[in-house]
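Spelled out, the chains give:
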Protein chains: 2
Amino acid sequence: MRRLTILLCAVLWSGAALAQTPSPTNLGRNPYPQVGKDGRVTFRVSAPDAPALTVNLGKDYPMTKDDKGVWTATTDPQVEGFHYYSLKAGGLSFNDPNVHSFFGTGRWASAVEVPEAPAGAAFYTPRRGVPQGAVRSVRYWSGVCGQWRRMYVYTPAGYEQDASRRYPVLYLQHGGGEDESGWIYQGFADVILDNLVAEGKAEPMIIVMVSGVAHPAGDPAADAFDRMVVEDVIPFVDARYRTLADRDHRAVAGLSWGAKQAYDLGLGYRDLFSWIGGFSGIIVIGEFRVRPAGYEDPEKFAAAYDGVFADPKWFNEHYHLLFVANGEAEGSHLKGMSELLTQRGIDNVFYQSPRTAHEWLTWRRCLYQFAQRLFK
Amino acid sequence: MRRLTILLCAVLWSGAALAQTPSPTNLGRNPYPQVGKDGRVTFRVSAPDAPALTVNLGKDYPMTKDDKGVWTATTDPQVEGFHYYSLKAGGLSFNDPNVHSFFGTGRWASAVEVPEAPAGAAFYTPRRGVPQGAVRSVRYWSGVCGQWRRMYVYTPAGYEQDASRRYPVLYLQHGGGEDESGWIYQGFADVILDNLVAEGKAEPMIIVMVSGVAHPAGDPAADAFDRMVVEDVIPFVDARYRTLADRDHRAVAGLSWGAKQAYDLGLGYRDLFSWIGGFSGIIVIGEFRVRPAGYEDPEKFAAAYDGVFADPKWFNEHYHLLFVANGEAEGSHLKGMSELLTQRGIDNVFYQSPRTAHEWLTWRRCLYQFAQRLFK
């Protein structure tokens, strides 16, 4: 018992000295992974008979084994935010059983959260006394895809109390390898909106989240995302929820691959959407690069999306918001895209999340900024 | 290319011959695990450099590697239903990256579904044209636990259309190692109720699902589940949803460990609940066995739960339903418990799910039976 106490004291002391804290993604009271103040992540996994074990967080970190069969590795400093990772052994990549899983990287994946300063996290942290909305998991039949699918629907606080009020709708897409759960479990979209609305900084709105992976019935190689949203999702949502069912009250946004989908919907269906947000993703004109194609060729630019940019004056009057954003650590290409749009007369708002990378802290901040500009 | 075609034909032919079908839990179009008509499950995992790989489904099955580094194992025949499993290598137990994960066995776990005959599955399969309820994920503050927690709340079809109608409430608990998501993602409680209500077989009701793991603030070794439900959960639900907030319209049920919790709540708080269901779990009297303690000692029996069984006539008038159920493959101890209760004059209903084990197909069927008897 005394041995245990000493051990515990030693662990607590070393924890205080190194200022390592368990990741908020850890299951229960699991102490590992731990994050240091310098952003280094320490992983610890028991696998006494494994000949080798590696943790991959951006790159491979071979782990070392102690005499009890516990493997440890500490990463390079990570930028603050949410990072998927996996364990690797024998050519197989798999989950860390010590942490929560999130649907990402095409499967249920482990993740570690490198915390930002507590003050920074306040906007996505639940607060007592803030009226809460609700997130619904709803099954819907997609005629386009010929299958039952699931959507998440956030309704704001008060939605269920005042049955006469109608709300604008934001369609919000996840990134590649993720699904409709991402904006809730990785992104905390519901908490962000609850807090913003309580502070009077955002309009109460409904948020609809669907999977961006959609194939037409019988053709698993083809894409039917746009058609599914237009023919199945929007009519379902407008019939089932108290929406303001017109383009002035309908927004679309997404992250990474979902940003591309949001631009496709928002720019491609000008009678359906008038507010557009792209987080860490580009408007594809000509080819999948900002430069040199498309943007620098006035004809290609004017022809994009059936001519939506052809008359900047019309665009600026017709659309309420074109919002372009990413994380500072992702580089400057989206700032460049925003500037190119501005040069061509297309009004847009650019936001860059300080320090963060291509991950969910960036996208939480993007939503926080974007939502404050919506439906006003 | 021809090689590939031949290979595909061979695979398809052998698939048809063996009548193996992918598990419904597989991610996307992953072909493995596959389930044979005889209930044998075949696992296939690529891990070219692993020295050994084992799949555990009830017991260990060592896998064998082909010359491409793909490991395969086929299990003994499994009873129909939902089975957690894990891969094992080097002393570590982890997820199969080819399938969906579910929160069970204390972590995010892999699972395979051995299908029953399609007609049997109809009661938990979504149907077009059936009005759907909704499942909300709701954060609530627990003063007892001193933490934010999450509950799932199912509201029946029509809840949002008629703002004047109030509904009875079923509090429904998961099993050990699971959490509040179990009854939706493993149990399909929402689909079961939607279908039952549409057929006129069950009353529309609200279902509340919370995690059964609850510690009082500052004391992680102690249990505070009952207090949390009584002091935090029920008042929150009655304030936030249109409930019929009295014992005649409040039920509690659970599975396995959650059955024990449901009995503790239902029998321990006689002024709060009048409908009780226990699936694959026992009413603990004296010690954690049906026999020989408690049940065969009239004094202990009469003293249990502050004397709730002391006067059978009072019990039978006061409680609307005591429902005891399990799966046939689990054995006869709960049938015995039901008979002992009957012998002591305590009215109860017993149900046994044909063929099934201590797993979710049993509990889906239990809910299907139990819900039809509620609030009538």
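As the structure is a computational prediction, the values presented were derived from the model and not from experiment.

Student: Would you mind showing me how to read the domain arrangement of chain A here?
Tutor: Accessible area lost upon the coming together of the parts is a frequently used measure of interface size. All names here are of chain A. When its domains are assigned, chain A resolves into domain 1 (2-116) and domain 2 (126-371). Summarising the inter-unit geometry, the C-alpha centres of domain 1 and domain 2 are found 33 Å apart. Each side of the interface is counted separately: domain 1 has 14 residues, and domain 2 has 14 residues. Buried area between domain 1 and domain 2, both sides added, is near 1,100 Å², and the carbon and sulfur share of it is 51%. Broken down residue by residue, the surface that domain 1 buries against domain 2 is led by Glu80, Phe82 and Phe103, which jointly contribute 45%. At the surface where domain 1 touches domain 2, the tally comes to 4 salt bridges. Arg365 is the partner of Glu116 in a salt bridge, and the nearest nitrogen-oxygen pair spans 2.6 Å. Joining domain 1 to domain 2, the criterion identifies 11 residue pairs in polar contact (both at pLDDT 80 or more). Listing elements by their share of the side of domain 1 that touches domain 2, those giving two or more residues are strand S8 (81-89), strand S10 (101-104) and strand S11 (107-114). Looking at the side of domain 1 that touches domain 2 element by element, the count peaks at 4 residues for S8. In terms of residue class, the side of domain 1 that touches domain 2 is built from 5 nonpolar, 5 polar and 4 charged.

Student: I'm lost on the nonpolar core in this one. Help?
Tutor: Residues and elements named next belong to chain B. One finds Met151, Met228, Tyr263, Ile283, Phe309 and Leu341 to be the most contacted residues of the largest nonpolar core, which totals 49 residues. Per element, the largest residue contribution to this core is 7 residues, and it comes from helix H5 (residues 225-240). Residues within four places of Met228 in sequence aside, it is in contact with Tyr140, Ser142, Val144, Cys145, Arg149, Val210, Ser211, Ala214 and Val233.

Student: What am I meant to see in the packing of helix H4 (residues 189-198) of chain B against helix H10 (residues 360-372) of chain B here?
Tutor: Geometry of a packed helix pair, given as the angle between the helix axes and the separation of the axes. All names here are of chain B. Across the interface, H4 lies against H10 with an axial gap of 10 Å and an inter-helix angle of 40°. Considering their axes alone, H4 and H10 lie oblique with respect to each other. Here the hand of the crossing between H4 and H10 comes out right-handed. Counted together, Ala189, Ile192, Leu193 and Leu196 of H4 and Arg364, Leu367, Tyr368, Ala371 and Gln372 of H10 form the full contact between these two elements.

Student: So what exactly am I meant to see when it comes to the pattern of salt bridges here?
Tutor: A side chain with one charge can pair with a side chain of the opposite charge if their charged atoms come near. Applying the stated criterion across every chain yields a total of 39 salt bridges over all chains. With a shortest N-O distance of 2.5 Å, Arg139 of chain B and Asp190 of chain A are connected by a salt bridge. Of the two residues, Arg139 of chain B is situated in strand S12 (residues 134-142) and Asp190 of chain A in helix H4 (residues 189-198); the pairing between them involves two chains. Between Lys260 of chain B and Asp264 of chain B there is a salt bridge whose closest N-O contact spans 2.7 Å.

Student: For this particular structure, what's the right way to read the relation of the copies chain B and chain A?
Tutor: Between the two copies of the chain lies a rotation about an axis combined with a shift along it. Mapping chain B onto chain A calls for a screw motion: a turn of 180° about the axis and a shift of 0.0 Å along it, with 0.0 Å RMSD after fitting. Considering both components of the superposition, the chain copies are consistent with a two-fold axis. The position closest to the rotation axis in chain B is occupied by the C-alpha of Arg136 of chain B, lying 2.0 Å away. Comparing interface residues between copies, 98% of those in chain B also sit at the interface in chain A, which points to an isologous, same-surface contact.

Student: Any chance you could explain the sheet that holds strand S1 (residues 21-22) of chain A here in plain terms?
Tutor: The pairing of strands in a sheet comes from backbone hydrogen bonds and takes either a parallel or an antiparallel form. Residues and elements named next belong to chain A. On the basis of which strands lie adjacent, the open sheet formed by 5 strands has the order S1-S2-S3-S7-S6 and antiparallel pairing. Two strands bound the open sheet, and with one partner strand each, they are S1 and strand S6 (64-65). Sheet topology note: the S6/strand S7 (residues 70-74) ladder contains 2 bridges and is antiparallel. Across the sheet, the residue bridging to Lys65 is Trp71, located in S7.

Student: What is the right way to look at the interface of chain B and chain A in this model?
Tutor: Facing 52 residues of chain B, the contacting portion of chain A comprises 51 residues. Carbon and sulfur atoms make up 54% of the surface buried where chain B meets chain A, a total of about 4,200 Å² over both sides. In this structure, the connection of chain B to chain A is made through 22 residue pairs in polar contact (both at pLDDT 80 or more). Breaking the side of chain B that touches chain A down by element, the ones donating at least two residues are strand S3 (41-46), strand S9 (92-94), strand S10 (101-104), strand S11 (107-114), S12, strand S13 (147-155), helix H3 (182-185) and H4 of chain B. The element contributing the most residues to the side of chain B that touches chain A is S12 of chain B, with 6 residues. Considering only residue class, the side of chain B that touches chain A consists of 28 nonpolar, 13 polar and 11 charged.

Student: What am I meant to see in the pairing of S10 of chain B here?
Tutor: Each regular strand shows side chains that alternate between the opposite faces of the sheet. Residues and elements named next belong to chain B. Alternating residues of S10 divide into Ser101 and Phe103 and Phe102 and Gly104, and every residue in both groups is buried. Here 4 bridges tie S10 to S11, and the two strands are oriented antiparallel to one another. Residue pairing in the sheet places Gly104 in a bridge with Arg107 of S11. Here S10 hands over to S11 after 2 residues, with Thr105 in that stretch at a positive phi of 55°.

Student: What is the right way to look at helix H7 (residues 298-307) of chain A in this model?
Tutor: Given 3.6 residues per helical turn, the α-helix brings residues three or four places apart onto the same face. Residue and element names in this part refer to chain A. Residues of H7 that are buried include every one of Phe301, Ala304, Tyr305 and Gly307, and no others. The buried residues of H7 all sit within an arc of 150° when viewed along its axis, so they share a single face. Opposite the packed face of H7, turned more than 90 degrees from it, sit the exposed residues Glu299, Ala303 and Asp306. Buried residues along H7 sit against helix H6 (257-268) and helix H9 (333-343). Sitting at the amino-terminal end of H7 is Asp297, which places a side-chain oxygen 2.9 Å from the backbone nitrogen of Glu299.

Cut-offs applied
- Residues numbered from 1 in each chain as written.
- Chains lettered and ligands numbered in written order.
- Predicted model: local features only at pLDDT ≥ 70, side-chain atom pairs only at ≥ 80, totals over all residues.
- Heavy atoms only, no water.
- Domains from an automatic or database assignment.
- Contact = heavy atoms within 4.5 Å.
- Buried area = accessible area lost by both parts, 1.4 Å probe.
- Salt bridge = Lys/Arg side-chain N within 4 Å of Asp/Glu carboxyl O.
- Polar contact = N/O pair within 3.5 Å; in protein donor to acceptor, adjacent residues only side chain to side chain.
- Helix = DSSP H or I, 4+ residues; strand = E, 2+ residues; numbered from the N terminus.
- Nonpolar A, V, L, I, M, F, W, Y, C, P; charged D, E, K, R; others polar.
- Core = buried A, V, L, I, M, F, W, Y, C linked by side-chain atoms within 4.5 Å.
- Buried < 20%, exposed > 50% of the residue type's maximum accessible area, 1.4 Å probe, protein only.
- Axes fitted to C-alpha atoms, helices over the stretch in contact; angles between N-to-C directions.
- Parallel < 35°, antiparallel > 145°, perpendicular 65-115°, else oblique.
- Left-handed = near helix turned anticlockwise from the far one by under 90°.
- Least-squares fit on C-alpha atoms with pLDDT ≥ 70 in both.
- Pairing = 2+ DSSP bridges.
- Arc of directions from axis to C-beta.

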